[in-house]
Amino acid sequence: MTGSDGESHSSQRRNPDALIRRAGVRGDPDHDQHFLVDDRVLDRIPDYLPEGTDTSHVLEIGGGPGALTDRLLAVAERVTVVERDPTFAAFLEREFREEAEAGRLTVVEGDALDVDLPEFTACVANLPYGVSSEIAFRLLPEKRPMVLMFQKEFADRMVAEPGTPEYGRLSVSTQHYAEAELVEPVPPTAFSPPPAVDSAIVRLTPRDPDYDVDDEQFFLDFVKAVFTQRRKTVRNGIRNTAHISGLSDPDAVVDAAPEELLRKRAGKVTPEEFAELAAIASEFRRGGDG
């Protein structure tokens, strides 16, 4: 899956505009359909997978007319595409009949938020931006290498460091599961029809965090709660969001938490510090529930 390998394949790859013509369906901005048509970007995307990634079964969400599917079939042993549009699902099966009959391509018609996802070794996708957050957080707990296209503003927040304006709940939640890197900005002109926003490709390399979390869902809910009060101190954030975090005694959490963390605002709190606060909060929550 080296760059030179990708270049050797590029001359044999299907033309994105020709695929759209053969599918007979134009992208519909009202339905979040913007198809990547820039050959150079398409050829690069599979190469962004982390070195040594197992590409025996690659998952793609939202195959559309199949330009990225075509590139993935060049590097993967098997590809499963989840496509909610029945017209495109049928087209993919026709266009890639040879690969489908050989067992190298499976097309699953349905919504990626609802269907049973197969076991996969990596995921590469140009996600529908309207549901990119929900899909990403369905995929991230699977702990697989991923290369995903997002709206650039969303991508910036995924990779943001503490203390930066973009840092927030999305940054902490993403980086809890993976190392997140923005590997390439992509302009609207790379798509048909062009979206009204810039895009970016994010590489997500799974890793365990360097802190312990006993109850992952509570940790994520606690982070979400505190960030709803990002302009206030953590002390006030904990007190004001018990209805979100599920705390029965937020004042007890504040009494037990380190003062240096309570004085901070959420945007300055590292994921490790959030884990420390959540561990304290979780003890009180269980005590209150019991």
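Up top you'll find the structure we're talking about.
These numbers come from a predicted model, not from an experiment.

(A) Representation of the overall build of the protein chain in the model. Tallying secondary structure elements over the protein chain gives 15 helices and nine strands in all. The principal-axis extent of the C-alpha atoms belonging to the protein chain is close to 65 × 35 × 35 Å. Split into buried and exposed, the 290 residues of the protein chain put 51% on the buried side. Carbon together with sulfur atoms contributes 43% to the accessible area of the protein chain, which is approximately 13,500 Å² in total. Charge-centre separation for the protein chain: the mean point of 33 positive side chains lies 4 Å from the mean point of 54 negative side chains.

(B) Structural view of the side chain of Thr-174. Inspection of the secondary structure assignment puts Thr-174 in helix 9 (residues 169-177). Residue Thr-174 is classed as buried on the basis of its relative accessible area of 0%. Leave out the neighbours within four places in its chain, and Thr-174 touches Phe-137, Leu-140, Met-158, Ala-180 and Leu-204.

(C) Expanded view of the packing of helix 8 (residues 152-159) against helix 9. At a minimum axis distance of 6 Å, the contact between helix 8 and helix 9 shows a crossing angle of 65°. Relative to helix 9, helix 8 is oriented so that their crossing is right-handed. Packed against helix 8, whose contacting residues are Phe-154, Arg-157, Met-158 and Val-159, the element helix 9 presents Leu-170, Ser-171, Thr-174 and Gln-175 at the interface.

(D) Summary view of the layout of surface pockets. Empty space within the largest pocket amounts to approximately 400 Å³. As for the largest pocket, its lining consists of 20 residues, and the residues nearest its centre are Ser-133, Phe-137, Arg-169, Leu-170 and Ser-173. Taken together, the elements giving at least two residues each to the lining of the largest pocket come down to helix 7 (132-139), helix 8, helix 9 and helix 10 (216-227). Residues of the lining of the largest pocket, tallied by class, amount to eight nonpolar, five polar and seven charged.

(E) Molecular detail of the pattern of salt bridges. Within the structure shown, the criterion is met by 17 salt bridges. One salt bridge in this structure joins Arg-14 and Glu-95, with 2.8 Å as the shortest N-O distance. With Arg-14 in the loop between helix 1 (3-10) and helix 2 (16-23) and Glu-95 in helix 5 (residues 86-95), this pair connects stretches of sequence that are 81 residues apart. Relative accessible area serves as the criterion here: at 17%, Glu-95 is assigned to the buried category. Linking Arg-235 and Glu-259 is a salt bridge whose minimum nitrogen-to-oxygen distance equals 2.5 Å. Linking Arg-235 in helix 11 (residues 234-240) with Glu-259 in helix 14 (residues 259-262), this pair joins segments that are 24 residues apart in sequence. The class for Glu-259 is partly exposed, based on a relative accessible area of 35%. If you follow the salt bridges from partner to partner, you end up with Arg-13, Arg-14, Arg-22, Asp-39, Asp-43, Asp-70, Arg-71 and Glu-95 in one network.

Cut-offs applied
- Residues numbered from 1 in each chain as written.
- Predicted model: local features only at pLDDT ≥ 70, side-chain atom pairs only at ≥ 80, totals over all residues.
- Heavy atoms only, no water.
- Helix = DSSP H or I, 4+ residues; strand = E, 2+ residues; numbered from the N terminus.
- Buried < 20%, exposed > 50% of the residue type's maximum accessible area, 1.4 Å probe, protein only.
- Areas by Shrake-Rupley, 256 points an atom, 1.4 Å probe, with all protein chains shown as cover.
- Lys, Arg positive; Asp, Glu negative; His and termini not counted.
- Charge placed at Lys NZ, Arg CZ, Asp CG, Glu CD.
- Contact = heavy atoms within 4.5 Å.
- Axes fitted to C-alpha atoms, helices over the stretch in contact; angles between N-to-C directions.
- Left-handed = near helix turned anticlockwise from the far one by under 90°.
- 1 Å grid on protein atoms, 1.4 Å probe; cavity = no way out; pocket = protein on both sides within 12 Å on 5 of 7 lines; lining within 4 Å.
- Points joined across faces, edges and corners; volume = space filled by probe spheres on them.
- Nonpolar A, V, L, I, M, F, W, Y, C, P; charged D, E, K, R; others polar.
- Salt bridge = Lys/Arg side-chain N within 4 Å of Asp/Glu carboxyl O.

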